[in-house]
Amino acid sequence: MTVLVALPVLLPLLAAGLSLALGRFADIQRALGLLVLGGIIVDAAVLLHVADRFGPVVLQMGAWPAPFGITLVADRLSALLLLISSVVTFAVLIYSIGQRITDYGRERSSTTFHPMYLMLCAGVSLAYLTGDLFNLFVAFEIMLSSSYVLITRRTTATRVRAGMTYVIVSLASSLLFITMIALVYASTGTVNLADLGEKVHQLPDGLQIALALLVVVVFGVKAAMVPLHFWLPDSYPTAPAPVTAVFAGLLTKVGIYALIRTQTLVFSHSESWNLMLGIALITMIVGALGALAQNDLNRLLSFLLVSHIGYMLFGLGVYDVIGLTGVILYVVHHITVQAALFLVSGLITRHTGTVALTRMGGLAKAAPMIAVLFALPALTLAGVPPFSGFVAKLALLQAGVGAGTWTAYAVTGGLVLTSLLTLYAMARVWTRAFWGQVKAPEQDPDPTDELVVGTATSNRPMVVASGVLVATSVVIALLAGPLAEVSGRAAEDLMHGETYRSAVLGGAVE
C-alpha cells in the first residue's frame, strides 16, 4: 500500500521524460498524459479510502527512518486534495488537447506543453505528500519551473512583461523560503514536519513567533494573500485558458495547504489567531473591490480568486475544528469552481475575440451551452444555495459565530459582504457578456501567439472538459454530508497532530 504514495509523484515525472522523447507522435503524447493523470485519480481515491479508514499511509524512502530520510505521507487532508486536484488536471488536459487540435490540427504535436504540464502535476502531488520542509521547497520549485515555461510559450511582449513579474516574485519568495528552511534547521536540527511539531515548542517564545511569521510570509506569497497578492492579477490573465485554469485552481491552493499544514502541525495556537483573521478580512475586501473595478474578464476572476483566498485564511484564523473543516470544504470547492470559470472564460474569449466585458453581448443567444457552463460555477462561487459554495461558506459562518470573539464576528460580516460583492460581480459579467444584442466576434489581435480567439466556435472536448468541472462542483454539493464528515475528521487530525506524528515517527500504517 505504501507504494501508492510514491506513484502520484513518480508517474508524471517518468511520463514527462517519455512525453518529451515521443514529442513527434502527437496522439501517443496525448494518450500518455491522459492515462497517467487518470491513474493518479484512481490512486488518490484509494489513498483517501485507506487513510480515512486506517490512518496515514507513510512511505520512508530508501528505508531511512524519519526524521533522517525522505518521508511521503498521505493522510486524510493530503489524499483528499490530491484527488480533487487530479480531477482538475485531467479535465484541463482534455480541454487543452481539444483546443490544440482545433487550432493546429491533430497531427501537430507539442514538444513543451505535455512534458511541462506533467512536471507541474508531479510538483503539486509532491507538495501534498511530502513530510518535510525541504522537499516542500523542491515541490514548489518543480511547479514554478514548469509554470515559467507554460506561461511564456509562444511569447508576446505582453506575456513577457507579465511573466517577468511572476518569475521575479517567485524567485524572491523561493530565496525567502530556503532562508526560512535554513533558520528552522539551525534552530531545531530537523526539517521533518512531524519532528518539528515536537521540537519547535522547545524553542524560546520569541523565536517561535519569528519563525511562524516568516512561514506565513513565505506561503502567503504563494497563496496570494493581501498585501502579497500584487503579482497574481497581472500574471494569470495573459496565459492561455488551460494554463490559467490550472494555475488558479491549484497553485494558490498549494500555498494554502502549506500554511494549514505548518500552522497546525508545527506552530500550533491555543485560541483564535487574530493576526490571520485581520489578514483574511483585508484579503476578502481588497480582492472583491478589485474585481468590481475590472472590465477585463480574466482580471476580474483573478481578483475574485484573491478575495476568496481570504475565506480560507478566515477558517485557519478561527483555529478550531469547525473552522478547519470549513477551510477544507472551501478549498475542495474552490479548486474546481475557479478552474471551471477560467476554462469557460477561454470559451467566451474564443467566441467574442475579446476579454473586455463592454465589447461582449448576446452570448446567451449565440452560445447557450457556454451560458449554462458559466452560470452554474458563478452561482457556486457566490455561495448561492444549494451549490457547493454555500455549503463551504455555511461551515465558515458557523465557525465565525462559534468563535465568540469580536474579531471573528467582524470577519464573519466581511465574509457575508464579500459574498454579496461576488454575486454582484458575477451579475455584471452576466448582464454585459450574455444579455443584450449578439455582437459579431472581433478578429484575433495577435494570430501568432498561443491564444486563438474570435473564432465563434469551440471544440467539443473543450466544452466537455469545462462541463466535467462544473459537474464536479455539483457532485461536491450533492455529497456535502459525506464530504463534511471526511473534512471534519481531517480537521480533527490537524488540531491533534498525534496521529500524523506517530505514523511518521513511530512506523508506517499499512
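Draft legend 1. Here's a closer look at the overall build of the chain. Scanning the chain from terminus to terminus reveals 20 helices and 2 strands. The 510 residues of the chain split such that 60% are buried. When contacts within the chain are restricted to residue pairs at least 6 apart in sequence, long-range pairs at least 24 apart make up 82% of them. Of the accessible surface of the chain, which amounts to about 18,200 Å², a share of 69% is contributed by carbon and sulfur atoms.

Draft legend 2. A look at helix α5 (residues 133-151). The end-to-end C-alpha distance of α5 is 26 Å, a good match for the 27 Å that 19 residues give at a rise of 1.5 Å each. When you tally the buried positions in α5, you get 14 out of 19 residues, the bulk of the element. With a side-chain oxygen lying 3.1 Å from the backbone nitrogen of F134, the N-terminal cap of α5 falls on D132.

Draft legend 3. Molecular detail of helix α15 (residues 368-382). Taking 1.5 Å as the rise per residue, α15 with 15 residues should run 21 Å; its terminal C-alpha atoms sit 21 Å apart, in good agreement. Inspection of α15 places I370, A371, L373, F374, P377, A378, T380, L381 and A382 among the buried residues, and these make up the whole buried set. Packing partners of the buried residues in α15 comprise α12 (297-318), α13 (321-352), α14 (363-366), α16 (388-403), α17 (406-434) and α18 (460-478). Looking one or two residues beyond α15, the residue adopting positive phi is G383, at roughly 85 degrees.

Draft legend 4. The nonpolar core, seen in detail. Counting 173 residues, the largest nonpolar core has M180 and F219 as the members making the most contacts within it. Of the residues forming this core, the biggest block, 17 residues, is contributed by α13. Ignoring any residue separated from it by four or fewer positions in sequence, one finds M180 in contact with L133, L214, V215, V218 and F219.

Draft legend 5. Molecular detail of the environment of D132. Here D132 is to be found in the loop between α4 (113-129) and α5. On the accessibility criterion, D132 (5% relative accessible area) is buried. Ignoring anything within four residues of it in the chain, the contact list for D132 reads I70, T71, V191, N192 and L193.

Draft legend 6. Structural context of the packing of α12 against α17. Across the interface, α12 lies against α17 with an axial gap of 11 Å and an inter-helix angle of 160 degrees. Here α12 is positioned roughly antiparallel relative to α17, judged by the angle of their axes. Seen from above, α12 lies across α17 with left-handed handedness. For the pair formed by α12 and α17, the contact residues are L297, L300, L301, L304, S307, H308, Y311 and F314 on the first element and A408, V411, T412, L415, T418, S419, T422, A425, M426, R428 and V429 on the second.

Draft legend 7. Geometry of the pairing of strand β1 (residues 57-60). A two-sided burial pattern is seen for β1, the buried positions comprising V57 and L59 on one face and V58 and Q60 on the other. Bridging between β1 and strand β2 (residues 71-74) involves 4 bridges; their strand directions are antiparallel. Within β2, the residue paired with V57 across the bridge is A74.

Draft legend 8. Looking closely at the environment of F374. Relative to the assigned elements, F374 resides in helix α15. According to the relative accessible area criterion, F374 is buried, its value standing at 2%. C-alpha separation for the pair F374 and I322, spaced 52 residues apart in sequence, amounts to 31 Å. Not counting the four nearest positions on each side in its chain, F374 is found in contact with L341, V344, I348, M426, V429, W430 and F434.

Draft legend 9. A look at the packing of aromatic side chains. In the structure shown here, the tally under the stated rule is 14 aromatic pairs. Both rings, one in F137 and one in F177, keep their centres 5.4 Å apart while their planes meet at 90 degrees; by these two values the pair is edge-to-face. Taken together, the residues span a long stretch of sequence, with F137 in helix α5 and F177 in helix α6 (residues 157-188) at a distance of 40 residues. For the pair formed by F137 and F177, the shared burial category is buried. Plain terms: the ring middles of W406 and Y409 are 5.7 Å apart, the flat faces sit at 90 degrees to each other, and that makes the pair edge-to-face. Here the residue W406 and the residue Y409 both occupy positions in helix α17, the gap between them amounting to 3 residues, near one helical turn. Taking the relative accessible area as the measure of exposure, Y409 reaches 36% and is therefore partly exposed. Feature note: the residues F134, F137, F140, F177 and F219 constitute an aromatic cluster, connected by ring pairs.

Draft legend 10. A look at the pattern of salt bridges. Following the criterion strictly, the structure yields 6 salt bridges and no others. Of the charged contacts in the structure, one is a salt bridge between D52 and R76, with a shortest N-O distance of 2.6 Å. In this pair, D52 is assigned in helix α2 (residues 26-54) and R76 in helix α3 (residues 76-104), connecting sequence segments 24 residues apart. Across the pair, exposure class does not vary: D52 and R76 are buried alike.

Draft legend 11. Representation of a nonpolar patch on the surface within the structure. A contiguous nonpolar patch, built from V474, V475, L478 and L479 and spanning about 350 Å² of accessible area, is present on the exposed surface. By the element assignment, V474 lies in helix α18. Under the relative-accessibility criterion, V474 is labelled partly exposed at 31%.

Draft legend 12. Structural view of the side chain of S86. Examined against the element boundaries, S86 turns out to sit in helix α3. The class for S86 is buried, based on a relative accessible area of 5%. Once you skip the residues sitting within four places of it in the chain, S86 turns out to touch I40 and I41.

What counts as what
- Residues numbered from 1 in each chain as written.
- Predicted model: local features only at pLDDT ≥ 70, side-chain atom pairs only at ≥ 80, totals over all residues.
- Heavy atoms only, no water.
- Helix = DSSP H or I, 4+ residues; strand = E, 2+ residues; numbered from the N terminus.
- Buried < 20%, exposed > 50% of the residue type's maximum accessible area, 1.4 Å probe, protein only.
- Contact = heavy atoms within 4.5 Å.
- Areas by Shrake-Rupley, 256 points an atom, 1.4 Å probe, with all protein chains shown as cover.
- Expected span 1.5 Å × (residues − 1).
- Polar contact = N/O pair within 3.5 Å; in protein donor to acceptor, adjacent residues only side chain to side chain.
- Core = buried A, V, L, I, M, F, W, Y, C linked by side-chain atoms within 4.5 Å.
- Axes fitted to C-alpha atoms, helices over the stretch in contact; angles between N-to-C directions.
- Parallel < 35°, antiparallel > 145°, perpendicular 65-115°, else oblique.
- Left-handed = near helix turned anticlockwise from the far one by under 90°.
- Pairing = 2+ DSSP bridges.
- Phe/Tyr/Trp six-rings, centres within 6.5 Å; stacked < 30°, edge-to-face > 60°.
- Salt bridge = Lys/Arg side-chain N within 4 Å of Asp/Glu carboxyl O.
- Patch = residues over 30% accessible without salt bridge, like charges linked within 9 Å, V, L, I, M, F, W, Y side chains within 5 Å.

Don't take any of this as a statement about function, it's just geometry.
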